[in-house]
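Commentary on secondary and tertiary structure
These are the residues of each chain, in order.
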Amino acid sequence: MARDIELQSLVFNADSNSEDQGEGPTVASNDDENDLSKALEIILTPEYWERLWKRALYEIALLVANLPHLVPKIFLLKWGAMVLFRNLAYVRHEQRPRLRDLGFDLIPENTDDTLSEIFLFVNTYLTLALVFMPIVTSYAHNHGMFTVNIFNKIINLLCVGHILRFFTFISTSLPGPAAHCQEGAPLYKHDGFTLHEILTRRSRVHIDPNCGDLIFSGHMFQDTTFCVIMIANLHLLVPHKMLRRLIAYMLVVTVIVQPYFIIAARNHYSVDVVVSTYVAPMLWWAMEGFYTTSFYFRCATWWATFCVPKYIQDYLKRHDPTPQCDKHLLSESLSKELDYLVDTYGIENDAAQKFKDLLLAEKRSSSMKVKEICDDLAQLSFLKAAFIDTGNNRYFLHKGRSFVTCA
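All values derive from a computational prediction rather than experimental measurement.

Things to note about the packing of helix α10 (residues 218-237) against helix α12 (residues 270-291)
The interhelical angle for the contact between α10 and α12, taken along N-to-C directions, is 35°, at an axis separation of 8 Å. Considering how the two elements wind past one another, α10 and α12 form a crossing that is right-handed. Note on element contacts: α12 touches α10 through V273, S276, T277, V279, A280, P281, L283 and W284, opposite M220, F221, T224, T225, V228, I229 and A232.

Right, here's the structure in full:
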């Protein structure tokens, strides 16, 4: 246990050192190397693996609690987006010459889409590694970030995006620019579709490829979605600043390079790629705003109350890792938000300090004392302004993080 607490403090100190010493690259680099070497030593201890197992069990319990609404969304992606929607697009497709396209004029054709798939795989597997980071280190759990929660955000965004994508490409059918969609292509399906084929056919690259599902590019949308969500949450997933930057750069590179190979392979028009690059971040922004609304909070509360088994709820409450943060870590993480309150609402420093003390007490107290703390918080007049400002029925919500969970 002691070594695990040491690891928690270590990863936080590595993060603060890299933040504070931005002007001194040599010193920060030496500190980073020392912190990483100590972290590797701790990872090799039995205590670390014991804590990892507990984090994995907590994530499994969270997964069980979320399965009833995750399963339909995964089904929508696996069958709706990958089978039904694409087959309906193929049914409406007609073979015609390619439309005039600026990307086709500038980029020479290269039917080998291997590099495009490689960048897609790099983007995907890097995202998967980050999604499972909360199990590997306690840093994410201590900051309220869990594997199941971030996976749920990705699934939500992909579901909404693919539904919008279906309504977009089914509304206006463009002639497919890919070689297998042109007149005389041997792989083109000329004999039409039966109802059974529409409901069950799964297209396969270079064997039974698809045509018609163009605006907007699914590959580009997935790439951009993963990139936006991961970069937005990197500070909660990875404690090391330089590592965060490296990962962010790699994700951005995959998004920048991918359009070239998609257009060169003539799998999509330029408009398909352009639309994807702004639809994904705009949808992410809209979804993040939706997560802070009172409607979403009420839905989540109702779901947790009536749809999650009682024994799962009890397990999640008993083993919630968030209140087990080190006091210093929690105090430091609140400093910027307190500065925000002082600057935005013009409150006095004494009131800010009282708010900070109450938050620390709420995080570390038993459920019996939470109501008393919430009553004390309600006496702080500036919280009413924060309440109106956020539009949420929690006392204070800033930058997507809830600090007070009183209703």
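Observations concerning the packing of aromatic side chains
In this structure the tally under the stated criterion is 18 aromatic pairs. Centroid distance F166 to F169: 5.8 Å. Interplanar angle 90°. Geometry classified as edge-to-face. Taken together, the residues span about one helical turn, with F166 and F169 both in helix α8 (residues 147-171) at a distance of 3 residues. Take F166: its relative accessible area is 13%, and that puts it in the buried class. Pairwise contacts between aromatic rings join F85, F166, F167 and F169 into one cluster.

Observations concerning the pattern of salt bridges
Counting across every chain of the model gives 8 salt bridges. In this structure, D213 and R165 form a salt bridge, with 3.6 Å as the shortest nitrogen-oxygen distance. A residue pair is termed long-range when its members are at least 10 positions apart, and D213 in the loop between α9 (195-200) and α10 and R165 in helix α8 qualify at 48 residues. Accessibility assignment for this pair places D213 and R165 in one class, buried. Beyond isolated ion pairs, a larger network of salt bridges with shared partners links R86, R165 and D213.

Digging into the confidence of the model for the chain
For the chain, the mean per-residue pLDDT works out to 75, and 68% of the residues sit at or above 70. Across residues 323-333, where pLDDT falls below 50, the model places 21 contacts with residues more than four positions away in sequence or in other chains. The low-confidence segment residues 384-407 (pLDDT under 50) makes 64 contacts with residues lying over four places distant or belonging to another chain.

Some thoughts on the environment of G212
Of note, G212 is situated in the loop between α9 and α10. Overall, G212 belongs to the buried group, its relative accessible area being 7%. Separated by 40 residues in sequence, G212 and T172 place their C-alpha atoms 9.4 Å apart. With residues up to four places along the chain from it excluded, the contact list for G212 reads A89, H93 and F169.

Re the environment of I231
Tracing the backbone through its elements, the reader meets I231 in helix α10. The class of I231 is partly exposed, set by a relative accessible area of 34%. Here the alpha-carbon distance between I231 and Y249, two residues 18 residues apart in the chain, equals 9.4 Å. With residues near it in sequence (within four places) discarded, I231 still touches A248, L251 and V252.

Observations concerning the state of the cysteines
One pass over the structure, following the stated rule, counts 1 disulfide. Disulfide partner of C181: C211, at an S-S distance of 2.0 Å. Here the disulfide of C181 and C211 is left-handed, its torsion about the S-S bond being about -100°. With a gap of 30 residues between them, C181 in the loop between α8 and α9 and C211 in the loop between α9 and α10 connect regions that are remote in the sequence.

Criteria and cut-off values
Residues numbered from 1 in each chain as written. Predicted model: local features only at pLDDT ≥ 70, side-chain atom pairs only at ≥ 80, totals over all residues. Heavy atoms only, no water. Axes fitted to C-alpha atoms, helices over the stretch in contact; angles between N-to-C directions. Helix = DSSP H or I, 4+ residues; strand = E, 2+ residues; numbered from the N terminus. Left-handed = near helix turned anticlockwise from the far one by under 90°. Contact = heavy atoms within 4.5 Å. Phe/Tyr/Trp six-rings, centres within 6.5 Å; stacked < 30°, edge-to-face > 60°. Buried < 20%, exposed > 50% of the residue type's maximum accessible area, 1.4 Å probe, protein only. Salt bridge = Lys/Arg side-chain N within 4 Å of Asp/Glu carboxyl O. pLDDT = per-residue confidence, 0-100. Disulfide = S-S within 2.5 Å.

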